[in-house]
Amino acid sequence: MMRLSRTLLLLFACVIILPGCWNIKDVNHRVLPIVMGISYGKVKKYRIHVQIPLPVSRKLISKVYYREADTISKALNEIDSDIEAGIDFMHLQLVLFDRKVAEEGIREEMAYMIRSQHMPTKALVAITSEDMEQILEHTGESIQTDGSALLDFFNKNAGWSPEINLAYLWETFGAIHSDTQDITIPILHSGKTTMLEFLGSGVMSKERMMGDITREQSLLVNLFYELFQGSVVQVIRQASVAIVDCDNHIRTFWRDQRPVLRMHMDISLHLIENNGGLNEQQIEAAFSEDMAKKYKQLFKQLQSYPSDALGTGDHFRNKLAFDKLKLWRETYYPQLVTEIAVSSRITNTGDISGN
Amino acid sequence: MGTYVDTIKSKCRTQHDLKIEQLRVGSITMWMVGYESIVNWEETIAYISNCGLTTEAAYEDIYVHLLGQEWVPEALDVLLQGKVVLIDSDADRAFSFQGKPKTLERAIDKAENETMPFSSALVFMEPLTTNIGILRKTIHSPYLEVEGYQFKGIGTREASLVYLSECVDKDLLEAVRHALKKAAGQDLRNGQDLIRFFGYNRYHLVSPYHKTEIPGQAVASMMNGRVVLLIDGEPTAYVLPLLFSDFIALDWDRQLPLFVMTALRSLRLLSILIALMTPGLYVALVSVNPETLRIELALSIASSRIGIPLPTFLEMLLLLIISEIIIEATQRLPKSIAAANTLIGGIVLGQAIVDAKLVSSLVIIVLASSITANFAFPHYLNTLVVRILRTGIILLSGIFGIFGLFASFIGVCYYACSLQRFGVPFMNVLSPKKLGQ
Amino acid sequence: MINRWVAVMTAPIFFIAAHCSILFAAYSRSMLHATEYGHWEPVFFNILIELALLLLLLLGLRKAGSKDYADLFLPLGKWISTALLVPLVAFLMLIPVLAIRFFAELMIIVFIASSPIHAILAFLCLLMLYGASIGPQGIMRASTLLTLINFPILLFAIGACIPNATFVKVFPLVNASMDFLAEGKLFITLFSICPFLLLGMLPPICKVKILPILLSLGVIALLYVIIVYIPISIYGLNAAKLMYFPLMTSFDSVNISWTIFDRISLFYAVALLAFVMTISTFTLYSSALMVHKMIPVWREKYIRYGLCLIVYILSLVIPSWNRYIEIFTADTWFRLAIYIVVPIAVFLRGGFIERQERKRVLSK
C-alpha cells in the first residue's frame, strides 16, 4: 500500500513537471540575427534593421527585416511578431550605428543593449554612413556562402587586419561612462568586391562621435594599445617595411601644472622593398620620424575634439585626485603635452641583403 | 515394514528423485534412501560394499564403518546435502552418511563477463569450496580467513565470508558479520535478498556490493580492507561494499606503468561523465540554451533539424529508449543472432530514422557516443546506474536547460556522497578515514 | 595519503566553498557601492574583521573540544541558550534564502528567461533539501567533491577575463578619506564573512585545525580582491557601479574562440550553483540540527522539511530585485550583533569548559 501510494505520488509529480518545459524552443524554431542596424526613422524615432541567416537545406540565406518605432525594443518586438519563429538575440555579432545616430550620441542605445540582458556584450560596434538596407543586403550575400563571414572579418585569427579598430559593446559601454578614456569605432562601408570595406574610425567623446580618423591613424591607435598581430606594410620614400612587433612604453607626469605624456615606442620592422637606395639606418630613421610626426598629428586632432581615444587619461588616474578625474576630458586633456619618441629597428631584410 | 520406510515412501510421491531401495548390507537387509539426482547411486553402493564389512556385520558395525550419524525421518534436509540414509526397517533405526556426490559442476572456465587481455583465465565457479580454493590459490596467505554462514528459509544456502585478517577493516567486518548472523533464518536467493539482509533501502540505485568473477580482483579488494562474500552456486564473488573506485579502477590496471594507469583511469572517469551528461547537454544546448553554442554550430544544428517534427527532448528520449531496447535485446540472444540484431537495430534503423527525417543525425551521433562511453568503464552492472540516471538528466535538461543539467549533476554528486555502506562511504576517497586503518 | 589530506583539508575546503558562494554572488556589487574608489581598503577591513572574529571563534572551539554551538550553549540554561541560539538559527536561515533567491534571479537573467521563479526556487529548494538530508559526513564529502570540480572552473573563468582587463583602470588606489567607514557602508558588505560562523557547527563532523583555515583565508583574501577588481578593470569604475551583476557581465564580455561554448558566464553560473548549494545545504542541515537539539521531541527530518519550506516561501515572497538589495541592507545590524556575540560567547564558554575539564582531571 505504502509502495503503491509512493509510486502514485511519483507519477503525479511527473505529470506536474512535464508540462513545465517553459523554455523549450528548439534551435530551428528560433531565428538568430547576427547584425542589427540602428538608424533614425523617417516617421518614428528609430529604424531598426536586423539581418538573419536562415538555414535552408545545407545553405544559408540571408534576410533583412526592418521596422520603425520610437524605441529599439518596440521595433524589435514588432519584427519578432512578424517572423514565424522566435528571435533570439544572443548571437548578435555586430551592431551597426548610422553615422547620424552616432553623432547625436549613443548612450541610450548602449544602455538598452546592456540592460536588456538578451544581447551579448561581446558583440562588435561599428558605424556606417551608408544606407543601412544597402550595406546589410551586401553583407547578406557574403553570409550566404559563408555563415561566419562577418565574424571572420573581425576575428583576430582570421580576417582581421591590424588597422581595424575593434569596439566591443562592453568596451563601448565602459568608455561611455569612463572619465578618462574614449573609444574609436570602426566605420564600415560595403566593399565593391569584398564584403566590407574599412574606411577609418569614428572618434567618440563619451557617447558622441566627434569626427573620424583615417585607416592609417586607426593603425596608430592600435599600435598605441599594442593591439597588434600579423604585419602591416608601410611605405617610406619608396621603401616599404612591414611592422611585425611593437612595444609601447608610456610614462606620465605633471610639469608646470600641465599633464605630460612621454611615450616611447619600439617598433620592429621587416624590410620588404627598398627602391630608393637608402640604407637600413636611413630607413629606420625616416620611419621613426614619420611615425612620430603622425602621432603628433593624431594627438592634436584628438585633443581638438576633445576625445581621449588613446586612453591617456587612464595613465593619469593615479596622478590626479579622484574628484578631478571627472574634469579630465574638458580641462586637462586639451593641455596634455606629448613627448613622442619612436625608435624602429629593422630586424630582417628578407632573403637578400641588397637590390 | 517400519514406520521410517513408510514416511519416506509417502515423501516419494511428490519427490520423484528420492529413491528408496532395499539392499543387503552385512547381515541385515536395509533400506537405502537418497536423492539420486544428487548422489551417485552405483558409486555409493560400491563404496558400501568396499568399506570392509564382513557378511556377519551387525547394524552397529555398519554404522561405525560408514562413519554414520544418527538419523530420524524429520531431518530430511540432510539428504539434500548429498547424504545417504540406511534404514534398518525391523528396528526402526537409521543413520546417515556421506554418499558419493554426482558432479553437477562445470570445469573451471575462463571469464565470461570480465575478460581482460593478458590476465589469468582462472575465474570463480559455482561451488563454494571451489571458489574458496581458488582464492587460497590466488593469494597463498595464512591471513586468509573464511567464515561459514548458512541461510535457512524454505531452502538452504551456504555462504562464506572471506577476508584477510591483516588488512580487513574491523568495523566493516563487524557490521557485515552482524547483518549476516541476523539473517540466518531467511532465504538467500538473489542480490535483493542480500540488500535486505544488510538493511538497505531497496530503492537505492546502487547496490551495496560489487560483483566480480575474477579472483585477482577479489583479492585486491580484500587487500584494500574490504570483505568478500562467496555464495554457493554463484559464479561470482560479492565484494563488500561497493566503492566509487570500482567504477574506474581495476586491479588489472596495475600491470601498467603508473602514468598509463592514471591516464586509463581518467579516461574511464571521463567516459562516465560523457555517458551521463552528453545527451542532457545536447538537449539543453539545442532546445533551451542555444545562445551558449557558437553561431556556426547553432546554424549547422538548425539546418540539420529542419523539418523534424519532434522536439529535441522527445527525440533524444525516443532514441535513447530504442537503443536501450537494442542493448537489452542483444544481450540474451545467441551470439550469431545478436550480430544480426545489432545490424538491424544499429545500422538499418539508425540510417532509416535519419532518412525519414524523424530525428536529426546529430542526435544519433550524440547518443552513439554516450552509449559507447557507457561501456568504456567497468563493468556491466555499474553501467546500469549510469543509464538510468542519464534519462533523469535528460528530463531535467529539457525543463531547465543548462541549469537543470548541472543541478542534476550536483544532485548525482550528492547521491554519490550520501551513500555509506557498513560505515564505509561510497566516495571513500573523500572520507578522512582510510579503509582498513 | 589522500585520506589524511582529506582529513586535514575538509574544513578549509568547505570554508573556501562557502566563501566562494557569497563572494561570487553579491559581493562585488555591494563592495562597488561601499566606497567611491580604492576598494581594496574596505576589502582589507573586511578581511581583518573576519580574521579577528575567526580567531576568537576557533580558539574558543579548540578549548571546548568537539562541540558545536548547540552543545556549547544549551547547558547555559533555557533562557540564555534560547537568546543565543534562536537569532543564530534565524541568521543562518537567512543565508540560503538570500543565496537561493540570488541564484534564481541570475538563472532567469542568464539562462531560462521564461521559467517561472516559483519553479526554479522549488527545484533549488528540493536540491538543497536533498543535499541537507544526506548527513553531515555526506555534506562534507559533497563539499570537497564539488569544490574540487568547480573551483578550477571558476579560476578558468577568471583567467579568461584577464585579456579583457586593463590594469590602469584600477587606479586611483589610495583613498585617504575612508568614506566607507561613515554611514556603516562597510558593515553592509560584511555579509561576506558569514561563512566563518558555520565553522562552529563543524567540530563534531570533522577536524577543524586553525592553521589550514588561516591559510585558506589567505586564498579567500586574494579572491576578495580579485572579484572586486575584475569588473573595475574591464568596464571602468563608473560603468561597473551601474551594474547589478558586475561579475556576470564581466564574464559575458569574454570571447574565447576555441571552446564550443560561446559564453564563459556559463561556467561561472555552473560553478556558482555548486557553491551556493554547498553553503545552503550545510546551513539548512545545521539549523535543523540546532532546532532539534533545542527541542529534541521534534524529529530532525521534519524540522528540515519545515525549514526548507520556510526558505522556499521567504525567497518566493521577495518580489523584486530592489527589495532583495534592501533586505541585504536592512539586516546589517542584526548580522553584526550575531557576528560579535557568537564568537565571544563561544570563546568564553570554551574557556570555561577547558577550566572545568582541567579541574576534573586534577581532582581525579
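Being a predicted model, the structure only gives us computed values, none of them experimental.

Trainee: Would you mind going over the overall build of chain A with me for this structure?
Mentor: Secondary structure assignment for chain A yields 11 helices and 14 strands. The buried share among the 355 residues of chain A stands at 55%. About 16300 Å² of surface is accessible on chain A, with carbon and sulfur atoms providing 51% of the total.

Trainee: Is there a simple way to explain the interface of chain B and chain C in this structure?
Mentor: As a measure of interface size, the accessible area lost when the parts come together is often cited. Chain B puts 36 residues into the contact, and the matching count from chain C is 40 residues. Taking both partners together, chain B and chain C bury about 3300 Å²; carbon and sulfur atoms supply 73% of that area. Between Arg263 of chain C and Glu291 of chain B there is a salt bridge, with the nearest N and O atoms lying 3.5 Å from each other. Across the contact surface, chain B and chain C share four residue pairs in polar contact (both at pLDDT 80 or more). Counting residues per element, the side of chain B that touches chain C draws most heavily on helix α15 (residues 380-418) of chain B, which supplies 16 residues. A class-by-class count of the residues in the side of chain B that touches chain C yields 24 nonpolar, eight polar and four charged.

Trainee: I tried to follow the sheet that holds strand β1 (residues 18-25) of chain B on my own but got confused; where do I start?
Mentor: As a general point, the strands of a sheet are linked pairwise by backbone hydrogen bonds and lie either parallel or antiparallel. Residues and elements named next belong to chain B. The strand order across the open sheet formed by five strands is β1-β2-β4-β5-β3, and the pairing between neighbours is antiparallel. Two strands bound the open sheet, and with one partner strand each, they are β1 and β3 (69-70). With six bridges connecting them, strand β4 (residues 83-88) and strand β5 (residues 93-98) associate as antiparallel partners. Bridge assignment links Val84 to a residue of β5, and that residue is Phe97. Along the sheet, helix α1 (residues 3-12) contacts β1, β2 (28-35), β4 and β5; its crossing angle with β1, the most-contacted strand, is approximately 145°.

Trainee: Sorry, what's going on with the packing of aromatic side chains here?
Mentor: Two aromatic rings, taken as a pair, are described by how far apart their centres are and by the angle between their planes. Per the counting criterion, the structure on display carries 43 aromatic pairs over all chains. A centroid spacing of 5.6 Å and a plane angle of 85° characterise the contact between Phe156 of chain C and Phe267 of chain C, whose relative ring orientation is edge-to-face. A residue pair is termed long-range when its members are at least 10 positions apart, and Phe156 of chain C in helix α6 (residues 135-161) and Phe267 of chain C in helix α12 (residues 265-294) qualify at 111 residues. An aromatic cluster is defined as three or more aromatic residues linked by ring pairs; in this entry it consists of Trp254, Phe316, Trp328, Tyr332 and Tyr333 of chain A. Residue placement shows Arg421 of chain B over the ring face of Tyr200 of chain B; its charged tip is 5.4 Å from the ring centre. The aromatic ring of Trp79 of chain C is capped on one face by Lys78 of chain C, whose charged end is 5.9 Å from the ring centroid.

Trainee: Mind showing me how you'd approach the domain arrangement of chain B here?
Mentor: Entries for chain B in the domain assignment read domain 1 (3-98), domain 2 (128-241) and domain 3 (256-421). Once you take the C-alpha centre of each, domain 1 of chain B and domain 3 of chain B turn out to be 62 Å apart.

Trainee: In this structure, what is going on with the environment of Asn274 of chain A? I would like to understand it.
Mentor: All names here are of chain A. Here Asn274 lies in strand β13 (residues 258-274). The exposure class of Asn274 is buried, given its relative accessible area of 17%. Put simply, Asn274 and Ser240 are 34 residues apart on the chain and 6.4 Å apart in space, counted from C-alpha to C-alpha.

Trainee: Got a minute to help me understand the environment of Met36 of chain A in this structure?
Mentor: Residue and element names in this part refer to chain A. Tracing the backbone shows Met36 in strand β2 (residues 35-40). Residue classification places Met36 among the buried residues on the basis of a relative accessible area of 0%. Setting aside its immediate chain neighbours within four residues, Met36 contacts Ile48, His49, Val50, Leu76, Leu92, Leu94, Val95, Leu96, Met113 and Met119.

Trainee: What am I meant to see in the pairing of β13 of chain A here?
Mentor: Side chains on a regular strand alternate between the two faces of the sheet. Residues and elements named next belong to chain A. In terms of strand pairing, strand β12 (residues 239-255) meets β13 through 16 bridges, oriented antiparallel. Bridge assignment links Asp245 to a residue of β13, and that residue is Ser268. Turn length for the β12-β13 hairpin, with the two strands adjacent in sequence and antiparallel, is two residues, and the turn residue Asp256 shows positive phi of about 50°. Sheet analysis places β13 next to strand β14 (residues 337-348), joined by 11 bridges and oriented parallel. Each residue of the ladder has a partner; that of Val260, found in β14, is Val337.

Trainee: Would you explain the interface of chain C and chain A in this entry?
Mentor: Across the contact, 29 residues belong to chain C and 22 residues belong to chain A. Regarding the contact of chain C and chain A, the summed buried area is about 2400 Å², with carbon and sulfur atoms giving 60% of it. Counting the contacts that link chain C with chain A gives zero salt bridges. When contributions to the side of chain C that touches chain A are tallied by element, the ones reaching two or more residues are α9 (210-235), α10 (237-241) and α11 (246-252) of chain C. Considering every element that reaches the side of chain C that touches chain A, the biggest residue donor is α10 of chain C, with three residues. Classifying every residue of the side of chain C that touches chain A gives 16 nonpolar, eight polar and five charged.

Trainee: Whenever I open this one, the nonpolar core confuses me. Can you help?
Mentor: One broad trend across soluble globular proteins is that nonpolar side chains are buried collectively. Counting 315 residues, the largest nonpolar core has Tyr295 of chain A, Phe403 of chain B together with Phe24 and Tyr69 of chain C as the members making the most contacts within it. Looking at this core, the element that brings in the most residues is α12 of chain C, giving 20 residues. Of all hydrophobic cores here, the second largest spans 27 residues; its members include Leu161, Leu172, Val176 and Leu194 of chain B.

Trainee: What is the right way to read the domain arrangement of chain A from this model?
Mentor: Residues and elements named next belong to chain A. Taken as a whole, chain A is organised into domain 1 (24-225) and domain 2 (231-355). Between the C-alpha centres of domain 1 and domain 2 there is a distance of 30 Å. Of the roughly 2300 Å² buried between domain 1 and domain 2, counting both surfaces, carbon and sulfur atoms make up 60%. For Arg329, the salt bridge identified is with Asp182, shortest N-O distance 2.8 Å. In this structure, the connection of domain 1 to domain 2 is made through 17 residue pairs in polar contact (both at pLDDT 80 or more). Mapped onto the side of domain 1 that touches domain 2, the elements with two or more residues apiece are β9 (196-205), β10 (208-214) and α8 (215-224). By residue number, the principal contributor to the side of domain 1 that touches domain 2 is α8, which donates seven residues. Grouping the amino acids of the side of domain 1 that touches domain 2 by side-chain chemistry returns 13 nonpolar, seven polar and six charged.

Trainee: Where do I start with the side chain of Thr236 of chain B in this structure?
Mentor: You can see Thr236 of chain B is positioned in the loop between β9 (227-231) and β10 (237-240). Once you skip the residues sitting within four places of it in the chain, Thr236 of chain B turns out to touch Phe124, Lys211, Thr212, Glu213 and Leu230 of chain B.

Trainee: It is not clear to me how the sheet that holds strand β6 (residues 144-152) of chain B should be interpreted in this structure. Could you clarify?
Mentor: Residue and element names in this part refer to chain B. One open sheet holds the five strands; their spatial order is β6-β7-β9-β10-β8, and the pairing between them is antiparallel. Edge positions in the sheet fall to β6 and β8 (210-212), since each has one partner strand and no second. When the angles between neighbouring strand axes are averaged without regard to direction, this sheet yields 25°. In the sheet, β6 pairs with strand β7 (residues 156-164) via nine bridges, with the strands oriented antiparallel. Bridge assignment links Gly148 to a residue of β7, and that residue is Ser160. The sheet strands contacting helix α5 (residues 128-139) are β6, β7 and β9, and the helix crosses β7 at an angle near 10°.

Trainee: Can you walk me through a nonpolar patch on the surface in this structure?
Mentor: A contiguous nonpolar patch, built from Trp40, Phe44, Leu48, Leu173 and Val174 of chain C and spanning about 450 Å² of accessible area, is present on the exposed surface. Look at Phe44 of chain C and you get partly exposed, because its relative accessible area is 44%.

Trainee: What is the right way to read the UniProt feature "transmembrane region" (unreviewed entry) in chain B from this model?
Mentor: Residue and element names in this part refer to chain B. Per the UniProt record, the feature "transmembrane region" (unreviewed entry) sits at residues 269-288, 308-327, 336-354, 360-381 and 393-417. For residues 269-288, the end-to-end C-alpha separation is 27 Å, with 100% helix and 0% strand making up the annotated structure. Along residues 336-354, the helical share is 100% and the strand share 0%, with 27 Å between the first and last C-alpha atoms.

Trainee: Any chance you could explain helix α2 (residues 41-49) of chain B here in plain terms?
Mentor: Residue and element names in this part refer to chain B. Residues Trp41, Thr44 and Ile48 constitute the buried set of α2. Each buried residue of α2 sits inside an arc of 65° when the element is viewed along its axis, so together they form one side. Away from the buried face of α2 by more than 90 degrees, exposed residues Glu42 and Ser49 are located. Residues of α2 that are buried make contact with β1, β2, β4 and β5.

Trainee: Can you help me understand the pattern of salt bridges in this one?
Mentor: Oppositely charged side chains can form a pair if their charged atoms are brought close together. Taken as a whole and judged by the stated rule, the model has 37 salt bridges over all chains. In this structure, Asp331 of chain C and Arg335 of chain C form a salt bridge, with 2.5 Å as the shortest nitrogen-oxygen distance. Both residues of the pair, Asp331 of chain C and Arg335 of chain C, count as buried. Connected via shared salt-bridge partners are Arg67, Lys74, Glu78 and Asp82 of chain A.

Trainee: Whenever I open this one, the pairing of strand β3 (residues 46-56) of chain A confuses me. Can you help?
Mentor: Residue and element names in this part refer to chain A. Within β3, 10 of the 11 residues are buried, which leaves it mostly tucked inside the rest of the structure. The sheet contact formed by β2 and β3 spans six bridges and is antiparallel. In the strand pairing of β3, Met36 is matched with Val50. The pairing of β3 with strand β4 (residues 59-69) spans 11 bridges and is antiparallel. By the bridge assignment, Tyr46 is partnered in β4 with Ala69.

Conventions adopted
Residues numbered from 1 in each chain as written. Chains lettered and ligands numbered in written order. Predicted model: local features only at pLDDT ≥ 70, side-chain atom pairs only at ≥ 80, totals over all residues. Heavy atoms only, no water. Helix = DSSP H or I, 4+ residues; strand = E, 2+ residues; numbered from the N terminus. Buried < 20%, exposed > 50% of the residue type's maximum accessible area, 1.4 Å probe, protein only. Areas by Shrake-Rupley, 256 points an atom, 1.4 Å probe, with all protein chains shown as cover. Contact = heavy atoms within 4.5 Å. Buried area = accessible area lost by both parts, 1.4 Å probe. Salt bridge = Lys/Arg side-chain N within 4 Å of Asp/Glu carboxyl O. Polar contact = N/O pair within 3.5 Å; in protein donor to acceptor, adjacent residues only side chain to side chain. Nonpolar A, V, L, I, M, F, W, Y, C, P; charged D, E, K, R; others polar. Pairing = 2+ DSSP bridges. Axes fitted to C-alpha atoms, helices over the stretch in contact; angles between N-to-C directions. Phe/Tyr/Trp six-rings, centres within 6.5 Å; stacked < 30°, edge-to-face > 60°. Lys NZ or Arg CZ within 6 Å of the ring centre and 35° of its normal. Domains from an automatic or database assignment. Core = buried A, V, L, I, M, F, W, Y, C linked by side-chain atoms within 4.5 Å. Patch = residues over 30% accessible without salt bridge, like charges linked within 9 Å, V, L, I, M, F, W, Y side chains within 5 Å. UniProt positions renumbered as here; feature names shortened; annotations may be inferred. Arc of directions from axis to C-beta.

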